[in-house]
Amino acid sequence: MRKSILLLALLPVFGCAEMQQVLQQLPQTQQMGLDISGGLKEALNNGISKQVSKLTAVDGFFRNEAVKILLPEELKKVDAGLRKIGMSKLADDGLRAINRTAEDAVKEATPIFVDAVKNMSFADAKNILMGNSTAATGYLQSSTSTALYGKFNPVIKNSFAKVGADKVWANIITKYNSIPFVNKVNPDLTDYVTNQAMTGVFKMIAVEEKEIRGNLSARTSTLLQQVFAIQDKK
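The model shown is predicted, which means the values in this text are computed figures rather than measured ones.

Draft legend 1. Structural context of helix H12 (residues 222–232). Taken together, the buried positions of H12 are occupied by Leu224, Val227, Phe228, Ile230 and Gln231. On an axial view of H12, the arc spanned by its buried residues comes to 135 degrees, and they lie on one face.

Here is the structure:
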């Protein structure tokens, strides 16, 4: 009975042509559920340890063009206005400061991701394995975004003070609003940087996932090699 249930669970993963081989290798098949889940968890943990950790370094966002946080639309006119009156350095400092806050906040992400990976079910793993090139990242995004926002937002708010971004931007906004005939601005940078930091985190995890899915040499363990070999056959 248990063998039949296991085989039914595997039907969506293996094509009919492969099922005969599965039947002939039943002892190995009994471990497949655990292997699929374990392999996907390892792949996600690789993305977290290799890619997310890079974002926490100094200039982890600012020097990475893939995730660098640019100014929101309402502040682009602030940037342009300051540069027109010879205050390019202040504008540059403001851009660097918001990226610093993101680098500081991302340090809080790893425990949330680890919990989400631990809670991945066999059904989740099966769907992810046979999904698109960023299916695992999508799972992580859907299962952690609410918690990440709740964690990131207050950290980023505190980080504005910690890294001096609050003073930089207070100065920027004051200078800009003092320019004659401009429409005054008062942006919510905490919310903006929170969302941009989250976007950057998931973008970097997706980089690692695509690498493991598409590059055989990136499958650095026997488990990754075995599990993603199933994906290669789809």
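Draft legend 2. Structural detail: empty space enclosed by the protein. A full pass over the atoms with the stated rule returns 1 cavity of 30 Å³ or more. Here the largest cavity defines a volume of roughly 30 Å³. For the largest cavity, the full set of lining residues is Leu71, Val78, Asp79, Leu82, Ala91, Trp169 and Ile172. Within the residue set of the lining of the largest cavity, elements represented by two or more residues are helix H5 (73–84) and helix H10 (165–177). Residues that form the lining of the largest cavity fall into these classes: 6 nonpolar, no polar and 1 charged.

Draft legend 3. Local environment of the packing of aromatic side chains. Applying the stated criterion across every chain yields a total of 1 aromatic pair. Directly above the aromatic system of Phe62 lies the positively charged group of Lys68, at a separation of 4.6 Å from the ring centroid.

Draft legend 4. The pattern of salt bridges, seen in detail. Counted by the stated rule, this structure contains 12 salt bridges. In this structure, Arg96 engages Asp93 in a salt bridge whose closest nitrogen and oxygen atoms are separated by 3.6 Å. With Arg96 and Asp93 both in helix H6 (residues 88–105), this residue pair falls 3 residues apart, about one helical turn. With its nearest N and O atoms 3.1 Å apart, the salt bridge here joins Asp104 to Lys162.

Thresholds, definitions, all that
Residues numbered from 1 in each chain as written. Predicted model: local features only at pLDDT ≥ 70, side-chain atom pairs only at ≥ 80, totals over all residues. Heavy atoms only, no water. Buried < 20%, exposed > 50% of the residue type's maximum accessible area, 1.4 Å probe, protein only. Helix = DSSP H or I, 4+ residues; strand = E, 2+ residues; numbered from the N terminus. Arc of directions from axis to C-beta. 1 Å grid on protein atoms, 1.4 Å probe; cavity = no way out; pocket = protein on both sides within 12 Å on 5 of 7 lines; lining within 4 Å. Points joined across faces, edges and corners; volume = space filled by probe spheres on them. Nonpolar A, V, L, I, M, F, W, Y, C, P; charged D, E, K, R; others polar. Phe/Tyr/Trp six-rings, centres within 6.5 Å; stacked < 30°, edge-to-face > 60°. Lys NZ or Arg CZ within 6 Å of the ring centre and 35° of its normal. Salt bridge = Lys/Arg side-chain N within 4 Å of Asp/Glu carboxyl O.

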